[in-house]
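Chain and residue survey
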Amino acid sequence: MSEGKRDSSKNGCPYVKKCGGCQYDGSSYSEHLKQKKKYLDKLMKPYAQVKQLVGMEHPFHYRTKVHAVMDRNRKTGSVISGIYEQGTHRVVPIQSCMIEDEQADEIILTIRELLSSFKLKIYDEDTGYGLVRHVLIRTGYHSGQIMVVLVTASPVFPSKNNFVKALRKRHPNITTIVQNINGRGTSMVLGDKEHILYGKGYIEDTLCGCVFRISSKSFYQVNPQMTEKLYGKAIELAGLTGRETVIDAYCGIGTIGLIAADRAHSVIGAELNGSAVKDAVVNAKRNGIKNIWFEHMDAGEFMVKYANQGNFADVVFMDPPRSGSTTQFIDALAYMKPTKVVYISCNPETLVRDLEYFRKKGYQVKECWGYEMFPWTSHVESTVLLQRRGADPAH
Ligand code: SAH
């Protein structure tokens, strides 16, 4: 397959038939947005009218995390990089993508060239022979910092110092380069071991006025422009006055809780992923925030434990994964009687399932807003304000 050369944002995407990275179908952005809004409206109809689905002004090249699989063209032997064809392990070669950060795509093209000139072997999934498997790039939207992660099958990286030097010479704005070693035959991109080849081994970026450390493995929203808008709305919906006890459930690296902390009395975050909790603790220190704590636990179990200890909360933020929350979580939440719950969802189907249970527990939907975090894909992000029936809204 030949690689298309074009500005994908103007002329449509030449890879669309094979690549599973987005669901671009040639329609206009306003049409795409309308379809998503219709879908969200339909699901939310029994609960509330969706105020708006906030779109992106320039819905291209928004992904600050870019992943490329490295491969060889079977006929010519030249190095290619791209994304797996949907449902297969065949690589669709990609030069530039309409939703990925443009600088990241340029760096990946340079890496292809350098891999050839340094005669480094590309990993072959079938034989298990070769070195370089993937390239992952994360860019800081505000900071401009750039992290390049080279995923290799073994720790031995011939002429790595010269490789790093050559890459930095071509892209002086790269701030850190990491070698991640993944020798396993799994579909996971990253392995456990890492060597820092240049810089600090992580990037930092600002979100809603707080600085966050982003390492290769931690979860961080891929569209920071829209994340700022979404989190801004979520915190506005909570109507914090500085007196509230707040829970940030499914908190990841602590983003929402840390941003809300200066408007609350105290915040407690709960998260299952241990490295995310470590990042959250570092992020609290980095921002000088002292009224926040984190628990490394399943969010549902945390809620039960916290309620059983006789604690309470005024406001709960919850941002569960695509599978949504649990009845255990919602039962324990209702027992603590928070006045407000702000639910941030990346899957409207599980959101409405949970809203139905919230209704049974005496919580009513007050507002719903959609945010276009993933233009040209079918994903729909939204935030919902729930209020306890009979609670004084001014509280
Ligand atoms: N609020 C964060 C993360 C949201 S993504 C942010 O905006 O960056 C959802 C998070 O839920 C992930 O960090 C994931 O590790 C975590 N998670 C998944 N299942 C969980 C569970 N059962 N209990 C607690 N956290 C969980």
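Placed above this text is the structure.
The structure contained in this document is the topic of the report that follows. (Residues numbered from 1 in each chain as written. Predicted model: local features only at pLDDT ≥ 70, side-chain atom pairs only at ≥ 80, totals over all residues. Heavy atoms only, no water.)

Moving on to the packing of aromatic side chains. The relation between two aromatic rings is expressed through the spacing of the ring centres and the mutual angle of the planes. In the structure shown here, the tally under the stated rule is 8 aromatic pairs. Between F60 and W376, the ring centres sit 5.7 Å apart and the planes meet at 25°, which makes this aromatic pair stacked. Of this pair, F60 sits in the loop between strand 1 (50-54) and strand 2 (65-72) while W376 sits in the loop between strand 16 (363-371) and strand 17 (381-388); the two residues are 316 residues apart in sequence, bridging distant segments of the chain. Given a relative accessible area of 3%, W376 falls into the buried group. The ring centre of Y123 lies 4.2 Å from the NZ or CZ of R133, which sits over that ring. (Phe/Tyr/Trp six-rings, centres within 6.5 Å; stacked < 30°, edge-to-face > 60°. Helix = DSSP H or I, 4+ residues; strand = E, 2+ residues; numbered from the N terminus. Buried < 20%, exposed > 50% of the residue type's maximum accessible area, 1.4 Å probe, protein only. Lys NZ or Arg CZ within 6 Å of the ring centre and 35° of its normal.)

Residue placement: K233 occurs in helix 5 (residues 224-238). Residue K233 is classed as buried on the basis of its relative accessible area of 11%. Setting aside its immediate chain neighbours within four residues, K233 contacts W369, Y371 and T383. (Contact = heavy atoms within 4.5 Å.)

On to the side chain of N182. Here N182 is to be found in the loop between strand 7 (176-181) and strand 8 (193-198). A relative accessible area of 0% places N182 in the buried class. Within the structure, the side chain of N182 is placed 3.1 Å from the backbone oxygen of V189, a separation counted as a polar contact. (Polar contact = N/O pair within 3.5 Å; in protein donor to acceptor, adjacent residues only side chain to side chain.)

Every one of the 16 residues lining the ligand counts as a neighbour, but Y231, E271, D298, A299 and D319 are closest to it. Between a nitrogen atom of the ligand and a main-chain N or O atom of Y250, the distance comes to 3.2 Å. Backbone polar atom of L272 to a nitrogen atom of the ligand: 3.2 Å apart, as the coordinates give it. The protein chains hide 84% of the 570 Å² of surface that the ligand would expose on its own. Residues that form the shell around the ligand fall into these classes: 9 nonpolar, 4 polar and 3 charged. (Near = heavy atom within 4 Å. Areas by Shrake-Rupley, 256 points an atom, 1.4 Å probe, with all protein chains shown as cover. Nonpolar A, V, L, I, M, F, W, Y, C, P; charged D, E, K, R; others polar.)

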